[in-house]
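Structure at a glance
Read off the chains here:
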Amino acid sequence: MSSVDNFFLLMEGFATAMQPMYLLYALGGVLVGTAVGVLPGIGPAMTVALLMPITYSLEPTAAIIVFAGIYYGGMYGGSTTSILLNTPGESSSIVTALEGNKMAKAGRGAAALATAAVGSFVAGTIATVLLSFVAPYVAAFAVQIGPVEYVALMVVAFLTVGALLGSSVLRGLASLGLGLFIALVGFDALTAQQRYTFGSPFLADGIDVVLVAVALFAVGEALYVGSRLRHGPIKIIPVTGGWTSWLRKEDLRRSWKPWLRGTAIGFPVGTIPAGGADVATFLSYASERKLAKGKNKKEFGKGAIEGVAGPEAANNAAAAGVLVPLLTLGIPTTATAAMMLVAFQRYQIPVGPQLFESNSTLVWALIASLYVGNLMLLVLNLPLVGIWVKILQIPRPYLYSGILVFAVLGAFSVNFTPIDVIILLIVGILGFFMRRYGYPIAPMVVGLILGPIFESQLRRSLAISQGDPVALVQSPVAATIYVVLLVIFALSMLLKRRQRQFEAMVAANADAPDVVRGSATAPETAVAPVTRASDTREDTDR
Amino acid sequence: MSTSVQNAPGSGTAAAPGAPVGELVFALIIVSIGVVGFVAGAGIQTPPSASDIGPRAFPFAVSALLVVVGAGLVLQVLRGHRGAADEGEDVDLEAKTDWLTVGKLSGFVLLHAFLIVPLGWPVAAALLFFGAAWSLGARPWWRNLMTAIILALVLQFVFGGLLGVSLPPGFLEGFGVFGG
């Protein structure tokens, strides 16, 4: 396959994606994606899980384009929230919040939003170009590998997703194990034996992946937020001025290099499962901070535009990078990618190395729609930021009640039986306790979805070697993959340690009066944040 | 009710407020799922013709992972290493866990499950929204009710009518636009 062929295939993809109907689907996807990215408590993974019922009525290309739009849109929307909302967000957006929130408070919110949006566009577009040219080669290589190498790749995915996402290695692995366990319930695909069904006919067909994902993401989140809902008014920092004046020459001059550096960091980090976008944004922030000179360096911690431009670009580039292992190997490394894999499975499209050959029209239409979606997102996010700010003000009781209603809708439409709603509640309560005790959710979802594929490849490998486990590491390619795994691990551990030191430093800075959060509810908490910061951040086990 | 307020001696958590009883129980549950995995896994039939490692090996491996990791977590919690509760824009980490709200929300989801068939999806969904919004502190009740009814009808129209998802329309049976 030459790159000229790929170029023509991409052009054909554009011909498909530019059809008015698909443009509408892409627009719908990015609109929903931006909205859920802006809204706290709901992210792209949850949204794709909740919208899985559309796979019943839409044809595959349309549904995949919608989901891809949601995926990219979610990345854009998140930055708006972390820049304008005066409360701490999730750790993945904490880096953007760090400088962006300070900029907004200093009246430079518009510039922060603009550099985030344009940076996301630049990074998203470059990373999509890289995806279009790298992915076919990876796929061409991947079709040659056998089950043994496949097992090795999935071990890498399991361990990196399990051990590196989240703050605690053991909790991540426990979450992964729970996912693998739930995936075992039902008939064994190879021997048709019942496993862990306990004689129940409801369990014989297995527990539906979408049901578990919706329960963990939506019900677990609603219960958890409900248990600790932040009361009082929602404080949003106002943005002033027209959007055309947002990015001044000076801002642009300081932003373009961080955008490119963020892209260069984000795409490879997204491609290898080294902890997801979280690590990419942190790396980008740390390098921008290091590279800044003179006056700009002093601005770090007080609202430096480089600290928004770099991490936001890295975030979006990583999102495109994640699609490389998903589309070429069928290995998802984030929860959203895992849900997209489920969408492919719903259409009986085999995801794996053969995807580029067997469903070439679909894949190239998907990639083309990413270019289109990126452009739409830039247009949607710059002039229309006012609309997203309005969405941010939706009363929280309604937001989480709405999430619950969507969750029961998704659960019921799996098999059209109310028993699934009860299973939804049970798994949702599990998700509540996982959040409460610091267990990451993503490894469980990835384990749930990759578990059955992993087992069948493992058993195929061992059938070929007649049960000799040494064969699993004897192939040179597999052995190389395991060595790379060790290197990734060593590097990630090093990075994690630096990230923690860095977060501890940030937490210490956050005690300064101008960032005291939650003061609206309790005026007497002037000293409380100090103890809270040390309680929640230092007590993470290492 | 609240497990985080009770005190268990010897847990050695100097920095964290309250004893980690709940967290300990959760780690023990992970261990016990692994144990159940072994016990129930022994009952999985292996056909004699199986040419590979059979349907039991992987369940055993997963069970072993759960037991080992769970035991490690029990030790960690006992030694005072606590998990960091999930952060979020709407989460007030200083607030005590409000078990009553969790109970109410779970109760309304359960009620919804039992009402879908007798009353139809729109009524059951509207009741869920109304109940959940009230549990989370939204007032006044009539605005909650209006929002609940509109949302339920819109969802029934979009998913039941337009997208063809077969949600039982209940009293809307006969109106083609709401599906059925």
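Chain B is annotated in an unreviewed UniProt entry as Tripartite tricarboxylate transporter TctB family protein of Arthrobacter bussei.

Bringing the layout of surface pockets into the picture now. Put simply, the second largest pocket is a space of about 940 Å³. Mapped by element, the contributors of at least two residues to the lining of the second largest pocket are α2 (20-38), α3 (44-50), α4 (60-84) and α18 (396-415) of chain A together with α5 (141-162) of chain B. Partitioned by chemical class, the residues of the lining of the second largest pocket number 28 nonpolar, five polar and no charged.

All names here are of chain A. As for its placement among the helices and strands, V151 is situated in helix α6 (residues 147-164). Spatially, the C-alpha atom of V151 lies 6.0 Å from that of L458, the residues being 307 residues apart in sequence. Look past the residues within four positions of V151 in its chain and what remains in contact with it is F454, Q457, L458, S461, L472 and Y482.

Turning to the interface of chain B and chain A, a few remarks are in order. Contacts between the two partners involve 85 residues from chain B, matched on the other side by 86 residues from chain A. Counting each side, the surface lost to burial between chain B and chain A is near 7,600 Å², with a carbon and sulfur contribution of 71%. Taken together, the links from chain B to chain A amount to three salt bridges. The partner of E23(B) in a salt bridge is R171(A), with the nearest N and O atoms 2.7 Å apart. In this assembly, chain B and chain A are joined by 17 residue pairs in polar contact (both at pLDDT 80 or more). Those elements that place two or more of their residues in the side of chain B that touches chain A are α1 (21-41), α2 (57-78), α3 (99-119), α4 (121-135) and α5 of chain B. Ranked by the residues each element gives to the side of chain B that touches chain A, the list is headed by α3(B), at twelve residues. Its residues assigned to classes, the side of chain B that touches chain A shows 51 nonpolar, 22 polar and twelve charged.

Within the UniProt annotation, "transmembrane region" (unreviewed entry) is assigned to residues 24-45, 57-78, 109-133 and 145-167 of chain B. Helix makes up 82% of residues 24-45 of chain B and strand makes up 0%, while its end C-alpha atoms are separated by 34 Å.

Take the packing of α18(A) against helix α19 (residues 419-436) of chain A next. Residues and elements named next belong to chain A. Running from amino to carboxyl end, α18 crosses α19 at an angle of 130 degrees, the nearest separation of the two axes being 8 Å. By the angle class used here, α18 and α19 are oblique. Handedness of the crossing formed by α18 with α19: right-handed. Judged by residue contacts, A407, V408, A411, F412, V414 and N415 of α18 engage D420, V421 and L424 from α19. Residues of the contact of α18 with α19, tallied by class, amount to seven nonpolar, one polar and one charged.

F67(A), F217(A), M339(A), L424(A), Y439(A) and W121(B) are the most contacted members of the largest nonpolar core, which totals 210 residues. Considering every element that reaches this core, the biggest residue donor is helix α5 (residues 94-142) of chain A, with 17 residues. Three or more residues apiece are contributed to this core by two domains, here domain 1 (1-91) and domain 2 (99-178) of chain B. When sequence neighbours within four positions are dropped, the list of residues in contact with L424(A) reads L211(A), V214(A), A215(A), V219(A), A407(A), V408(A) and A411(A). Ranked by size, the runner-up nonpolar core spans ten residues in total, among them V95(A), L98(A), A292(A) and A304(A).

So, on to unusual backbone geometry. A cis amide bond links R139(B) with the next residue in sequence, P140(B), at an omega value of -5 degrees. Take P140(B): it is sitting in the loop between α4 and α5. Look at Q348(A): it is not a glycine, yet its phi comes out positive at around 60 degrees. As for its placement among the helices and strands, Q348(A) is situated in the loop between α14 (335-346) and α15 (355-358). Overall, the relative accessible area of 69% leaves Q348(A) in the exposed class.

Residues and elements named next belong to chain A. Under the criterion given, the structure shown has 16 salt bridges over all chains. Residues D188 and R195 are paired through a salt bridge, measuring 3.6 Å at the closest nitrogen-oxygen approach. Residue class for D188 comes out buried when judged on its relative accessible area of 3%. Residue R254 pairs with E306 through a salt bridge whose shortest N-O separation is 2.9 Å. In this pair, R254 sits in helix α10 (residues 249-271) while E306 sits in helix α13 (residues 306-329), placing the two residues 52 residues apart along the sequence. E306 carries the same exposure label as R254, and that label is buried. When salt bridges that share partners are traced, they join D188, R195, E455 and R459 into one network.

About the criteria used
Residues numbered from 1 in each chain as written. Chains lettered and ligands numbered in written order. Predicted model: local features only at pLDDT ≥ 70, side-chain atom pairs only at ≥ 80, totals over all residues. Heavy atoms only, no water. 1 Å grid on protein atoms, 1.4 Å probe; cavity = no way out; pocket = protein on both sides within 12 Å on 5 of 7 lines; lining within 4 Å. Points joined across faces, edges and corners; volume = space filled by probe spheres on them. Helix = DSSP H or I, 4+ residues; strand = E, 2+ residues; numbered from the N terminus. Nonpolar A, V, L, I, M, F, W, Y, C, P; charged D, E, K, R; others polar. Contact = heavy atoms within 4.5 Å. Buried area = accessible area lost by both parts, 1.4 Å probe. Salt bridge = Lys/Arg side-chain N within 4 Å of Asp/Glu carboxyl O. Polar contact = N/O pair within 3.5 Å; in protein donor to acceptor, adjacent residues only side chain to side chain. UniProt positions renumbered as here; feature names shortened; annotations may be inferred. Axes fitted to C-alpha atoms, helices over the stretch in contact; angles between N-to-C directions. Parallel < 35°, antiparallel > 145°, perpendicular 65-115°, else oblique. Left-handed = near helix turned anticlockwise from the far one by under 90°. Core = buried A, V, L, I, M, F, W, Y, C linked by side-chain atoms within 4.5 Å. Buried < 20%, exposed > 50% of the residue type's maximum accessible area, 1.4 Å probe, protein only. Domains from an automatic or database assignment.

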